[in-house]
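# Breakdown of the fold
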Amino acid sequence: MKIKRSGFKNLIRMMKSLEERVQQCNRCGMCQSVCPLYAATGHEKDVARGKLQMLDGLMREMFQNPGGVSARINHCLLCGSCEAGCPRQVSVMEIFLTARAIITAYQGLSKVKKFFFRRIMAHPDLFDRLMEWGAGVQYLFMKPLGKTPASCSQLVSPILSNRNLVAIAKVPFHQKLLHAGKSSPSNGPKVAFFVGCLLDKLFPETAQTIIKILGHHGANVIIPKNQGCCGIPMMAAGDRESFNQLVDHHIRLLNAEEFDYLVTGCATCTATIKKIWPSMAEAKSFPGKESLIGLAEKTMDISEFLVNVMGVSPRPNSRNNQISKSEATYHDPCHLRKTLKIYKEPRILIQASSKYQLKEMSEAETCCGMGGSFNLRHYKTSTEIGLKKIDHIKASGATVVATACPACMVQISDMMAKTKTAINVRHVVEIYSDGLL
Ligand code: SF4
Ligand code: SF4
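Everything in this summary refers to the structure shown in the same document. (Residues numbered from 1 in each chain as written. Chains lettered and ligands numbered in written order. Predicted model: local features only at pLDDT ≥ 70, side-chain atom pairs only at ≥ 80, totals over all residues. Heavy atoms only, no water.)

Bringing the overall build of the protein into the picture now. Scanning the protein from terminus to terminus reveals 24 helices and 11 strands. Long-range pairs, those at least 24 residues apart, make up 75% of the contacts in the protein with a sequence separation of at least 6. When the accessible area of the protein is evaluated, it comes to approximately 20,500 Å², of which 53% is carbon and sulfur surface. (Helix = DSSP H or I, 4+ residues; strand = E, 2+ residues; numbered from the N terminus. Contact = heavy atoms within 4.5 Å. Areas by Shrake-Rupley, 256 points an atom, 1.4 Å probe, with all protein chains shown as cover.)

Here you go:
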């Protein structure tokens, strides 16, 4: 492995920054009881404690067995359950992401990832066009699921484990916007909407619902054009180059002085903008540090905004209200509950709906098993974790499962289709908007 001198210096710098943070872990093992991966595999090497122990000797391990280090550090959902419950407040997510960046800097990025991240995803225009083309040809590889009420189709290829995928929308949200009329200004707060890839390309109706709700509550909505991915897939793959490129793109696009709040409908985008973008800015070379911190402070999940800023509250419980309501259960996305501690607000949105009442499932806070690229690389384990979630959803007796992250919606839809379960998967804003708009 040949590394340039500047790259080598960077590697040493990252390793040093890792060293101190790894040593904060006192190996108490409390992360074992909350790790969904450990619950599925029972392997100590999968839990945060095992990974941190390995990272303690990273320099030696990496030279001896780089493939093994990479496999272990990448076998993780990045769900943050370990960090949320850690009594020593070890910054496990930052450590894991830095470790992935070190491994990638040392081993290099695969050609496929390099091409896809740096040539396609880092250029939002190009990524949009590729996905629009994909929307046209996807049915060569997918078949509809007939009467199964899941909102996805089955991939024909057994090589891809017969996954059930949510189809790419024929008209993505950013295209729908081109034909939308201008809303009249109000005295409400100025809200910029960060769409995110999945809402734009898979769930454009959800994004439209968010805009309608914001308008209903009197917000002045700004939707900056040419938005792209928040960068989490690149960061998770250790590719800081394309991640920096995307953050740089957005920092030019989203001028925090032009709005009061930056709202998203994706738990992962919110957590990435609030936590990962500013921690990235600690790198001295990054020019937009102040702007990133300013942006992070203004960023909110849609449920947090509606409840804590616009004052949405639960409807009073009257007998008449109860009789006609359907039951909706709620799944907590890890990035919302564990990373940002937001779990009351989405539930309040359900309780504020005129058509639904909240029916809690057990273990609502447990990961659905998606974990972004984890699902692509470790589908069997991802499915095992996902099917447990379906059992809890079914046991709740609800007719709808709501959540606040489009990635969770993709995973839960796949598991619903696999088990032929007739429970609708919806974004929590849709539950709130039913009967309101
Ligand atoms: S809970 Fe925290 S301190 Fe304890 S082993 Fe896990 S990471 Fe280390
Ligand atoms: S991030 Fe999640 S899957 Fe990874 S070690 Fe922590 S709890 Fe386990």
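With that settled, consider the sheet that holds strand E10 (residues 400–403). Here we have four strands laid out as an open sheet, ordered E9-E8-E10-E11, and parallel in their pairing. Looking at the sheet topology across the chains shown, the edges are occupied by strand E9 (356–358) and strand E11 (424–427). Averaged over all neighbouring strand pairs, the angle between strand axes comes to 35 degrees, with direction disregarded. Here helix H23 (residues 406–418) sits on the sheet and contacts E10 and E11; the angle it forms with E11, its principal contact strand, is near 175 degrees. (Pairing = 2+ DSSP bridges. Axes fitted to C-alpha atoms, helices over the stretch in contact; angles between N-to-C directions.)

Turning our attention to the packing of helix H8 (residues 111–121) against helix H14 (residues 240–253). Look at H8 against H14: their axes get within 10 Å of each other, and the N-to-C directions meet at 15 degrees. By the criterion of interaxial angle, the relationship of H8 to H14 is roughly parallel. Between H8 and H14 lies a crossing of left-handed hand. Two secondary-structure elements touch here, H8 through Phe117, Arg118 and Met121 and H14 through Glu241, Ser242, Gln245 and Leu246. When grouped by side-chain class, the residues that make up the contact of H8 with H14 number three nonpolar, two polar and two charged. (Parallel < 35°, antiparallel > 145°, perpendicular 65-115°, else oblique. Left-handed = near helix turned anticlockwise from the far one by under 90°. Nonpolar A, V, L, I, M, F, W, Y, C, P; charged D, E, K, R; others polar.)

A contiguous nonpolar patch, built from Phe8, Ile12, Met59 and Phe63 and spanning about 360 Å² of accessible area, is present on the exposed surface. Assessed through its relative accessible area of 46%, phenylalanine 63 is described here as partly exposed. (Patch = residues over 30% accessible without salt bridge, like charges linked within 9 Å, V, L, I, M, F, W, Y side chains within 5 Å. Salt bridge = Lys/Arg side-chain N within 4 Å of Asp/Glu carboxyl O. Buried < 20%, exposed > 50% of the residue type's maximum accessible area, 1.4 Å probe, protein only.)

Non-glycine residue leucine 78 carries a positive phi angle of around 50 degrees. Residue placement: leucine 78 occurs in the loop between helix H5 (66–74) and helix H6 (81–84). On the basis of relative accessible area, leucine 78 is assigned to the buried category, the value being 13%. For lysine 341, which is not glycine, the phi torsion reads 60 degrees and is therefore positive. Along the chain, lysine 341 falls in the loop between helix H19 (334–339) and helix H20 (344–351).

Right, let's get into the pattern of salt bridges. The full count for this structure, using the stated rule, is 16 salt bridges. Aspartate 414 is the salt-bridge partner of lysine 418, the closest N and O atoms lying 3.9 Å from each other. With lysine 418 and aspartate 414 both in helix H23 and four residues apart, this pair spans about one turn of that helix. Judged by relative accessible area, which is 31%, lysine 418 ranks as partly exposed. By relative accessible area, aspartate 414 is classed as buried at 4%. Close ionic contact of arginine 426 with aspartate 434 constitutes a salt bridge, the shortest N to O distance being 2.8 Å.

Another aspect to go through is the packing of aromatic side chains. Tallying each qualifying case throughout the model produces four aromatic pairs. Ring geometry for phenylalanine 116 versus phenylalanine 127: centroids 6.2 Å apart, planes at 85 degrees, classification edge-to-face. Highlighted residues: phenylalanine 116 in helix H8 and phenylalanine 127 in helix H9 (residues 124–137), separated in sequence by 11 residues. Judged by its relative accessible area of 31%, phenylalanine 116 falls in the partly exposed class. Ring centres 6.3 Å apart and planes at 90 degrees place the aromatic pair phenylalanine 194 and tryptophan 277 in the edge-to-face group. Pair noted here: phenylalanine 194 is in strand E4 (residues 190–194) and tryptophan 277 is in helix H15 (residues 267–280), with a separation of 83 residues, a long-range link. Here phenylalanine 194 matches tryptophan 277 in class, with each residue buried. Between the NZ or CZ atom of arginine 163 and the centre of the ring of tyrosine 379, over which it lies, the distance is 3.9 Å. A cation over an aromatic ring shows up here: arginine 337 above the ring of tyrosine 343, its NZ or CZ 4.3 Å from the ring centre. (Phe/Tyr/Trp six-rings, centres within 6.5 Å; stacked < 30°, edge-to-face > 60°. Lys NZ or Arg CZ within 6 Å of the ring centre and 35° of its normal.)

This next bit is on H20. With six of eight residues buried, H20 is to be regarded as a mostly interior element. Against helix H17 (302–308), strand E8 (326–330), H19, E9, E10 and helix H24 (428–433) lie the buried residues of H20.

Turning next to the site of ligand 2. The immediate surroundings of ligand 2 are formed by 14 residues, with Cys35, Cys76, Cys79, Cys82 and Met93 found nearest. The class makeup of the residues in the shell around ligand 2 is 11 nonpolar, two polar and one charged. (Near = heavy atom within 4 Å.)

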